[in-house]
Amino acid sequence: MLLGDQAHIFLYEQAGMAQKLGGVQPHIIPNRADGTFDVSEIPARVRDEDVHCPRTALVCIENTQNVCGGKVIPLSWIDEVGSIAKSIGIPLHMDGARLMNAVIASGESAPRILQACETASICLSKGLGTPVGSVIVGSEEFMYKALRLRKVLGGGMRQAGMLAAAGLYAMDNMINRLADDHRHAQQLAQAIYGMGSRSVKCSPAEVHTNIAIVHLTTDIITPEQFCKRLLVVSEEEISEIGEVAIKVLPWTSDSVRFVTHFDVSSEGIEAAVAKLKYVISEVDSQLD
Ligand SMILES: *Cc1c(COP(=O)(O)O)cnc(C)c1O
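Q: Would you mind going over the pattern of salt bridges in detail, with residue names and values included?
A: If you walk through the whole model with that rule in mind, you get 10 salt bridges. Here E41 ties to R45 by a salt bridge, and the two come within 2.7 Å at their closest N and O atoms. Taken as a pair, E41 and R45 lie in helix α2 (residues 41–45) at a separation of 4 residues, close to a single helical turn. The partner of E237 in a salt bridge is R229, and the shortest N-O contact between them spans 2.6 Å. As far as burial versus exposure is concerned, E237 and R229 are alike and both buried. Ionic contacts of the salt-bridge type, sharing partners, join the residues R229, E237, K275 and E282 into one network.

Okay, structure coming up:
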């Protein structure tokens, strides 16, 4: 399988594709910051008839691209990947865990985004908020294979109506509201950008959906320390901003990852902005 080196299913999921049930070798192409990769790398890396080589059987892309910061992948690029894969005769899969975020952010329909893809997966449990569940789509033949695999994985379902009901609810009620999450992530990014801090930076243009990657550009504070500070409430800050704690994930050695979702209200975002401003000023005051 050819896929980006920042692809979620390459970095995470215990390399499930390579374990016994998949037996697939990932062959990674460096992702660019926008979540795409160089399409000319696809034909260059495809391997087939040589008896020494594995056979390339799939190209996989991800939209929105999680590790690249929830980026919406350009439609023209998806179509181009699709036509290259088609000309080679291998299918294209879309890891669309956050596909609905891409739909809302781009205004393109899911069928249009997936036009060049043979198969796709969509998470019901990320921004769409159900307790559990992913949906995969593909041809009838593919779905039958998927059903068999699900069964052998121990995922056979009997009284699945409650889960299905949650999924149907999500389809009807949770897609359009993703715009709120996107606006909230943008509010966080704008607030940080607007401070012009030398030590904590965020570029609003890089925030396409509900993920905001914030960079720590000095060695005054590590991502772990920054996240810990956002979670505690100091005596001094209560009188100024009230009691606000923000849960954020340390991401790389110099960044943290904010994710907005259904459980974060507009009031919550306003409180978070106040807290961020307070903590960033505190960090910046140590610069001089
Ligand atoms: C969460 C996630 C998955 C796995 O989805 P499950 O619903 O846990 O199977 C795959 N790809 C991406 C990009 C994800 O974020």
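Q: Can you tell me about the site of the ligand, naming the residues and giving the values?
A: The environment of the ligand is formed by H8, E13, E62, D95, A97, R98, C123, K126 and S134. A distance of 2.7 Å separates a nitrogen atom of the ligand from a polar side-chain atom of D95. Protein burial of the ligand: of its 390 Å² of free accessible surface, 74% is covered by the chains.

Q: Before we move on, can you summarise the side chain of N210 with the specific residues and values?
A: By the secondary structure assignment, N210 is in the loop between β7 (200–201) and β8 (211–216). In this structure N210 touches N101, D181, H182, A185, F258, V259 and T260, once residues within four positions along its chain are discounted.

Q: A description of the nonpolar core should follow, citing residues and the corresponding values.
A: Membership of the largest hydrophobic core comes to 34 residues, with the highest contact counts inside it found for V59 and M94. Those elements that provide at least two residues to this core are β3 (59–62), α3 (75–88), β4 (92–95), α4 (99–106), α5 (110–113) and β5 (119–123). Considering each element in turn, this core owes the most residues, 6 residues, to α3. Excluding residues that lie within four positions of it along the chain, M94 makes contacts with I61, E62, N63, I78, L99, I113, L114, C117, T119, A120 and S121.

Q: Let's hear about empty space enclosed by the protein: which residues, and what values?
A: Counted by the stated rule, this structure contains 2 cavities of 30 Å³ or more. The computed volume of the largest cavity comes to approximately 70 Å³. Contributing to the lining of the largest cavity are L3, G4, A7, N31, G35, F37, C60, I61, E62, Q65 and W77. Broken down by secondary-structure element, the contributors of at least two residues to the lining of the largest cavity are β1 (2–4) and β3. Of the residues forming the lining of the largest cavity, the biggest block, 3 residues, is contributed by β3. Of the residues contributing to the lining of the largest cavity, the split by class is 6 nonpolar, 4 polar and 1 charged. Volume-wise, the second largest cavity comes out at about 40 Å³. A97, R98, L99, M100, N101, I122, C123, K126, G127, L128 and L178 together form the lining of the second largest cavity.

What counts, and where the lines are drawn
- Residues numbered from 1 in each chain as written.
- Predicted model: local features only at pLDDT ≥ 70, side-chain atom pairs only at ≥ 80, totals over all residues.
- Heavy atoms only, no water.
- Salt bridge = Lys/Arg side-chain N within 4 Å of Asp/Glu carboxyl O.
- Helix = DSSP H or I, 4+ residues; strand = E, 2+ residues; numbered from the N terminus.
- Buried < 20%, exposed > 50% of the residue type's maximum accessible area, 1.4 Å probe, protein only.
- Near = heavy atom within 4 Å.
- Polar contact = N/O pair within 3.5 Å; in protein donor to acceptor, adjacent residues only side chain to side chain.
- Areas by Shrake-Rupley, 256 points an atom, 1.4 Å probe, with all protein chains shown as cover.
- Contact = heavy atoms within 4.5 Å.
- Core = buried A, V, L, I, M, F, W, Y, C linked by side-chain atoms within 4.5 Å.
- 1 Å grid on protein atoms, 1.4 Å probe; cavity = no way out; pocket = protein on both sides within 12 Å on 5 of 7 lines; lining within 4 Å.
- Points joined across faces, edges and corners; volume = space filled by probe spheres on them.
- Nonpolar A, V, L, I, M, F, W, Y, C, P; charged D, E, K, R; others polar.

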